[in-house]
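These are the residues of each chain, in order.
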Amino acid sequence: MGSSGASGDLSGEMEVDAFRRLFPLRFYERHLLESVRPDARPLGRARDTTVALGAVATADGSAMAKIGCTTMLAAIKLEVMTPPLDSSDEGSVAIDFHMPPICSPIVRPGRPAEVAPVVSKQLSDAIISSGMINLKELSLVSGKAAWMAYLDIYCLDADGALFDAALLAAVAAFSHLQIPAVTVNDDGRVVIMSGENEEGKLLKDPVNKEKRKLTLTCIPFSLTCILHKNYILADPTAEEESVMETPVTVVLDSSSRLVSLYKPGGPVLAYMSAVQDCVALTRQRVKELQKILSDAISDMEVD
Amino acid sequence: MSGKTATAPTTYSPSPTQKKRQPIFKDVDWIRPDGRGFHQCRPAFLRTGAVNAAAGSAYAEFGNTKVIVSVFGPRESKKAMMYSDIGRLNCNVSYTTFATPVRGQGSDHKEFSSMLHKALEGAIILESFPKTTVDVFALVLESGGSDLPVVISCASLALADAGIMMYDLVTSVSVAVELCLDACSKLGDVMRSCLKEAASASQE
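Residues numbered from 1 in each chain as written. Chains lettered and ligands numbered in written order. Predicted model: local features only at pLDDT ≥ 70, side-chain atom pairs only at ≥ 80, totals over all residues. Heavy atoms only, no water.

What follows deals with the confidence of the model for chain A. Residues and elements named next belong to chain A. Averaged over all residues, the pLDDT of chain A equals 87, while 89% of them reach at least 70. Between residues 1–8, whose pLDDT stays under 50, and residues either more than four places distant or in other chains, the model counts three contacts. The low-confidence segment residues 196–207, where pLDDT is below 50, has twelve contacts with residues more than four positions distant or belonging to other chains. (pLDDT = per-residue confidence, 0-100. Contact = heavy atoms within 4.5 Å.)

This next bit is on the UniProt feature "domain: Exoribonuclease phosphorolytic" (unreviewed entry) in chain A. Residues and elements named next belong to chain A. The UniProt feature table records "domain: Exoribonuclease phosphorolytic" (unreviewed entry) at residues 46–180 and 219–270. Helix makes up 23% of residues 46–180 and strand 36%, whereas the separation of the span's terminal C-alpha atoms amounts to 37 Å. This span, residues 219–270, is 12% helix and 48% strand, and a straight line between its end C-alpha atoms measures 27 Å. (UniProt positions renumbered as here; feature names shortened; annotations may be inferred. Helix = DSSP H or I, 4+ residues; strand = E, 2+ residues; numbered from the N terminus.)

Another point: the environment of M165 of chain B. Residue and element names in this part refer to chain B. Mapped onto the elements, M165 comes out in the loop between α2 (147–162) and α3 (182–203). A relative accessible area of 49% places M165 in the partly exposed class. Through-space distance from the C-alpha of M165 to that of L141 is 28 Å; in sequence the pair is 24 residues apart. Filtering out sequence-adjacent residues up to four positions away, M165 remains in contact with I124, I125 and S128. (Buried < 20%, exposed > 50% of the residue type's maximum accessible area, 1.4 Å probe, protein only.)

Moving on, we get to the sheet that holds strand β12 (residues 231–234) of chain A. Residue and element names in this part refer to chain A. Taken together, four strands build an open sheet; the order of strands is β12-β11-β13-β14 and the sheet is antiparallel. Edge positions in the sheet fall to β12 and β14 (258–262), since each has one partner strand and no second. The mean angle between the axes of side-by-side strands here comes to 25°, regardless of whether they run parallel or antiparallel. As paired strands, strand β11 (residues 220–228) and strand β13 (residues 247–253) are joined by seven bridges and run antiparallel to one another. Note on β13: the bridge partner recorded for P220 is D253. (Pairing = 2+ DSSP bridges. Axes fitted to C-alpha atoms, helices over the stretch in contact; angles between N-to-C directions.)

Between chain A and chain B, the residue contacts involve 38 residues of the former and 33 residues of the latter. A buried area of about 3300 Å², summed over both sides, lies between chain A and chain B, and 61% of it is on carbon and sulfur atoms. Linking D135 of chain B and R108 of chain A is a salt bridge whose minimum nitrogen-to-oxygen distance equals 3.5 Å. Applying the counting rule to chain A against chain B returns 13 residue pairs in polar contact (both at pLDDT 80 or more). Of the residues that constitute the side of chain A that touches chain B, the class distribution is 27 nonpolar, four polar and seven charged. (Buried area = accessible area lost by both parts, 1.4 Å probe. Salt bridge = Lys/Arg side-chain N within 4 Å of Asp/Glu carboxyl O. Polar contact = N/O pair within 3.5 Å; in protein donor to acceptor, adjacent residues only side chain to side chain. Nonpolar A, V, L, I, M, F, W, Y, C, P; charged D, E, K, R; others polar.)

As a further point, take unusual backbone geometry. A cis geometry characterises the amide bond from G73 of chain B onward to P74 of chain B, with omega recorded as 0°. In this structure, P74 of chain B sits in strand β4 (residues 65–76). With a phi angle near 55°, D235 of chain A is a residue other than glycine that sits in the positive phi range. Mapped onto the elements of the fold, D235 of chain A is located in the loop between β12 and α5 (238–243). One non-glycine residue with positive phi stands out, namely S146 of chain B, at about 60°. According to the relative accessible area criterion, S146 of chain B is partly exposed, its value standing at 29%.

This is how it looks when you write it as structure tokens:
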């Protein structure tokens, strides 16, 4: 800054905070000129990401994902349903994204956040169209019983890039999911087998004798970027999202095939080159996320 | 997947139904299932600063009961509210769908929000923030019993983390039969040491 005494430095600091509040766009543009962001990240780098599996003990599969300060808690509970006639050997997945009032000052108890149903729909589209889950693995007795997996994702702290963190938490929860061993009892209901030998008709399918995991192929990973004039900022914080309003979300699967591209309007109309740059940034990010997820899974298995 | 049908399919949980609860006070030498003494609380884990987006927040874990509380404010009251020369307190308690063993049972506790309000309003110095509202939101992540006391204790810790002026911290313990006040004072000591730790950590 300048060479001033202690009181001069203090007033210099307060001016920065006030400038950030009053003229946020100019504050960010001063940083972008130097190719850096206020939290000292280069433009293409995402925030520190961590994944922890098994966060919820009462759920059949769960995970907590943190990207910077954005925290998501995903849990899967399995219940038994009667499959519909046209897909009698398939189970089903119901995905729901919640933003409880604790996560952000803009959410009120009576009025849910505007972005919550948008992210919820994006999530179910991305997970189902990526083909990560083979629904036939969720079947129990063809035509009579199948698993319904209720995936609930709660945002515990909202600081930008909600979709990325939610997708990461959902994918991690599915890789942690263990289907319990079940039998059909005399009333025709499916019940969980307890440890001791109980009388009951065992299902003919040997797969259900013990706990098993789903096989996941083509796992989707995503990155949200913000476009502003000629700059592309990867993984925005909530402040950046509110100041620069053109997000682009790219979802790629583990073999770098495009699952979904989402650009909901915004003041910047992007040329093909900008979109290709976003996809390239996402490709890099997919490699990082794959490593983080496989480290988390192997940590679980060591325990 | 539920694209076609408008109504969700009915599902049931495959967990075995609860066995009939045996009467527990039959035996004079009865011990609690987790081996605790009659006047003993579960070991507590308390941490402030759980949520970055909130003015103050706290996370509490008492055995299997896990709760996060965020405090926002003091911030502008809703336009419909009339002028008030003391502050307002707004509380809300909600459950996650996976908090209870049976999915979706948390909505049975709608009265917790007003009970939390009654517990906290006596301790907060409402005159220190006239015309504005302090919002206290709680989310129960896992319900392992004694939920409301954990929410109240965690909420007063979050209010202290937010810097809201209070006469004192509010602690809460639920008891089944006898009245026990020293459990509350022990809990108060634990909470004060947690706040001291958080304050000294931020000074470093």
